Amino acid sequence: MPWPFHPARVTTVRLLVNFVYCHPLGHAIEALHYAHGYHVANPDARISVALNAATPVELASLCPFVEEVYPVPVDVFDGDATFDLSGLPRDFDHYVNDVRGFLPDQRAIFPGLGAYYDAAKAHFTGEFGIAGHNGPAYAAAQHLRLAVTPIPRAGHPRVALLPGGSADRSLYPSVRSWELIIAALTGRFPDAEFVLVGKLAADGRTATTYTAAELAAIRAAMPRSRSVVDAPLVEQLATVAACDVLVSPHSGFGMAALAVGTPWLTIAGNRWPEYYFTGVPFYSVLPDITRFPCYTTMGPDPDPVDDDGPRSPSMSYERVTGDLPEIVDGAAKLIERRWPYRDALVDHVSRMSIVGGVRWSIDDAHVLP
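Because the structure is a prediction, the values reported are computed rather than measured.

### Considerations on the confidence of the model for the chain
Averaged over the chain, the pLDDT score is 93; the fraction of residues at 70 or greater is 96%. Residue range residues 1-10 is modelled with pLDDT below 50. Its contacts to residues more than four positions away, or to other chains, number zero contacts.

### A few points about the nonpolar core
With 52 residues, the main nonpolar core has Leu59 and Leu146 as its most contacted residues. Secondary structure elements with two or more residues in this core: β1 (14-19), α1 (25-41), β2 (46-52), α6 (233-241) and α7 (252-259). Ranked by the residues each element gives to this core, the list is headed by α1, at eight residues. In contact with Leu59, not counting residues within four places along its chain, are Leu25, Ala28, Ile29, Leu32, Leu146, Leu233 and Leu237. Formed by 40 residues, the second largest nonpolar core is a distinct cluster that contains Phe189, Tyr210, Tyr283 and Leu324.

### Details of the packing of aromatic side chains
One pass over the full model with this rule turns up 16 aromatic pairs. Between Tyr38 and Tyr138, the ring centres sit 4.7 Å apart and the planes meet at 55°, which makes this aromatic pair tilted. Separated by 100 residues along the polypeptide, Tyr38 in helix α1 and Tyr138 in the loop between β5 (127-130) and β6 (158-161) bring together distant segments of the chain. Owing to a relative accessible area of 0%, Tyr38 belongs among the buried residues under this scheme. Between Phe277 and Phe282 the ring centres are 5.1 Å apart and the planes differ by 25°, which places this aromatic pair in the stacked class. The pair Phe277 / Phe282 is uniform in exposure class, with both members buried. Positioned above the aromatic ring of Tyr283 is the side chain of Arg351, whose terminal nitrogen or guanidinium carbon lies 4.5 Å from the ring centre.

### Focus: the pairing of strand β11 (residues 282-285)
Judged by which residues are buried, β11 turns out to be covered on both faces: Phe282 and Ser284 on one side and Tyr283 and Val285 on the other are all buried. One ladder, built from four bridges, connects strand β10 (residues 264-267) with β11; its direction is parallel. What sits directly across from Leu265, in β11, is Tyr283.

### Structural notes on a nonpolar patch on the surface
On the surface, a cluster of nonpolar side chains totalling about 380 Å² of accessible area is made up of Phe77, Ile109, Trp272 and Met298. Along the chain, Phe77 falls in the loop between β3 (66-72) and β4 (94-97). Judged by relative accessible area, which is 56%, Phe77 ranks as exposed.

### So, the packing of helix α4 (residues 175-188) against helix α8 (residues 317-335)
The N-to-C vectors of α4 and α8 enclose an angle of 30°; their axes lie 10 Å apart at closest approach. When the axes of α4 and α8 are compared, the pair comes out roughly parallel. By crossing handedness, the relation of α4 to α8 is classed as right-handed. For the pair formed by α4 and α8, the contact residues are Arg176, Ser177, Leu180, Ile181, Ala184, Leu185 and Arg188 on the first element and Tyr317, Val320, Thr321, Leu324, Ile327, Val328, Asp329, Ala331 and Ala332 on the second.

### Some words on the packing of α1 against α7
At a closest axis distance of 7 Å, the pairing of α1 and α7 adopts a crossing angle of 40°. In terms of orientation, α1 and α7 fall into the oblique class. Our pair here, α1 against α7, has a crossing hand that is left-handed. In this structure, α1 uses Leu25, Gly26, Ile29 and Glu30 to contact α7, whose residues at the interface are Gly252, Phe253, Met255 and Ala256.

### Things to note about the pattern of salt bridges
Scanning the entire structure with this criterion turns up 20 salt bridges. Residue Arg100 is joined to Asp98 by a salt bridge in which the shortest nitrogen-to-oxygen separation is 3.0 Å. A relative accessible area of 13% means that Arg100 is categorised as buried. The residue Arg176 makes a salt bridge to Asp307 at a minimum N-O spacing of 3.3 Å.

### Remarks on the side chain of Asp323
Note that Asp323 resides in helix α8. Discounting residues that sit within four places of it in the chain, Asp323 has contacts with Val285, Leu286 and Pro287.

### Comments concerning the pairing of strand β9 (residues 245-249)
Extensive coverage of β9 is indicated by the burial of five of its five residues. Residues of β9 alternate between two faces, with Val245, Val247 and Pro249 on one and Leu246 and Ser248 on the opposite face, all of them buried. One ladder, built from three bridges, connects β6 with β9; its direction is parallel. Within β9, the residue paired with Val159 across the bridge is Val245. Bridge analysis of β9 against β10 gives four bridges, and the strand direction is parallel. The partner of Val247 across the bridge, within β10, is Leu265.

### Digging into the sheet that holds β6
Here we have six strands laid out as an open sheet, ordered β8-β7-β6-β9-β10-β11, and parallel in their pairing. Edge positions in the sheet fall to β8 (225-227) and β11, since each has one partner strand and no second. Sheet twist, expressed as the average angle between the axes of neighbouring strands with direction ignored, equals 20°. Where strand β7 (residues 193-196) and β8 come together, three bridges link them in parallel fashion. When the bridges of β8 are listed, Val195 appears paired with Arg226. Docked against the sheet, α4 engages β6, β7, β9 and β10, running at close to 155° with respect to β9. Contacting β6, β9, β10 and β11, α8 crosses the sheet at an angle of about 175° to β11.

Scoring rules and cut-offs
In this convention, every chain numbers its residues from 1, walking through the sequence in written order. Given that the model is predicted, a residue must reach a pLDDT of at least 70 before its local features are reported, and side-chain atom pairs must reach 80 or more before they are shown or counted; all residues, however, enter totals for whole chains, interfaces and linings. Side-chain figures throughout are based on the complete set of non-hydrogen atoms in the structure, without hydrogens or water. The predictor rates its confidence in each residue with pLDDT, a number between 0 and 100. In this description, contact between two residues means that some pair of their heavy atoms is separated by no more than 4.5 Å. Remark: nonpolar core denotes a set of buried residues (Ala, Val, Leu, Ile, Met, Phe, Trp, Tyr, Cys) joined through side-chain atoms within 4.5 Å. Summary of the burial criterion: residues with accessible area below 20% of their type's maximum are buried, those above 50% are exposed, and those between are partly exposed, where the area comes from a 1.4 Å probe applied to protein chains only. Numbering of helices and strands runs from the N terminus; a helix is a DSSP stretch of H or I covering at least four residues, while a strand is a stretch of E covering at least two. Under the pairing criterion, centres of Phe, Tyr and Trp rings, with the six-membered ring standing for Trp, must be within 6.5 Å; the plane angle then separates stacked pairs below 30 degrees from edge-to-face pairs above 60, leaving the rest tilted. In our convention, an over-ring charge means Lys NZ or Arg CZ found within 6 Å of a ring centre and within 35 degrees of that ring's normal. Paired strands, as defined in this entry, are two strands with at least two bridges between them according to DSSP. Residues enter patches when they are more than 30% accessible in relative terms and free of salt bridges; like-charged ones are connected within 9 Å and nonpolar ones (Val, Leu, Ile, Met, Phe, Trp, Tyr) within 5 Å. Per-residue and other accessible areas follow the Shrake-Rupley method at a 1.4 Å probe size, with only the shown protein chains counted as cover for residues. Counted as salt bridges are all cases of a side-chain nitrogen of Lys or Arg within 4 Å of a carboxyl oxygen of Asp or Glu. Under this scheme, a helix contributes an axis fitted over its contacting stretch, all axes are lines through C-alpha atoms, and angles between N-to-C directions fall in the 0 to 180 degree range. Our angle categories are set so that under 35 degrees counts as roughly parallel, over 145 as roughly antiparallel, 65 to 115 as roughly perpendicular, and the remainder as oblique. By convention the crossing between two helices is left-handed if the near helix lies anticlockwise of the far one by an angle smaller than a right angle, and right-handed if it lies clockwise.

Written out as structure tokens, the structure reads:
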């Protein structure tokens, strides 16, 4: 070869998924999903994520394609907040952002997010983008899997049960509703082991709004059970990865269960429809919204009903009783592996169109060819 030889300079793209939003667990899954899509399309890229510091940022350690995670303390309601971003490199080639940081309705509700994204736009020198929409090449609707090591599977059905998340207690079923569901599932699967998951500890992150006494009563209804409540999140996800199904209301933890490959039976309703579809079978038991109004998103909640205290209509004992056969049948389809992902998605989109419309899903995964 001619001398002197100068090899071509190889440039590695440095990308930040700047996904600072409210702190529930599901938003961390969203961020990692987008990071994974960029990784699939750009295998050599150096990808980092920025997250609300109160989210479970340790989930990024379960993603080998994430180089760094930057926790950002933010009060989403403080529009006058200032931010010390000196710990965040300025010179990413691309920084792709959560679109909600730039939507007028979101900024009105969460002015602290608006303040953060304004500060971020002044801080970074690279090319601005919206996660999943622009920036470098992006592979949409990829199937994120968190790298957990599941505990050994049992020889009998194993059902993980999350009674509720961090929203107001009235938005989750009563203890007697869960006792009814557990009895019905046990009737269908007499040798099933139940695994109670959740978090009571108050540490600045999201935690269940059930009381310890309520969780104890729910566990007492389980003939065979173990509890990983308050175990570290990664340990809980490893336990759920060895379960045949997770049963819960809508929750970010359900999105994490899908990301470890566990089917999700959702007692659907309340504010948000399910919107994360990632190649794992699922079944959403949808309420009759004419009788049990829900899916209000950011609007006002429907008036509560009296059910062992105030209860949202779609989580009421009356609704659970009426939908109990479907809850059991949906769980059975998942436990018995009779419900492939494609069938699950087609069926869900069809039923949602009748109930109230499929509003959106990440990467438009619900838009079927």
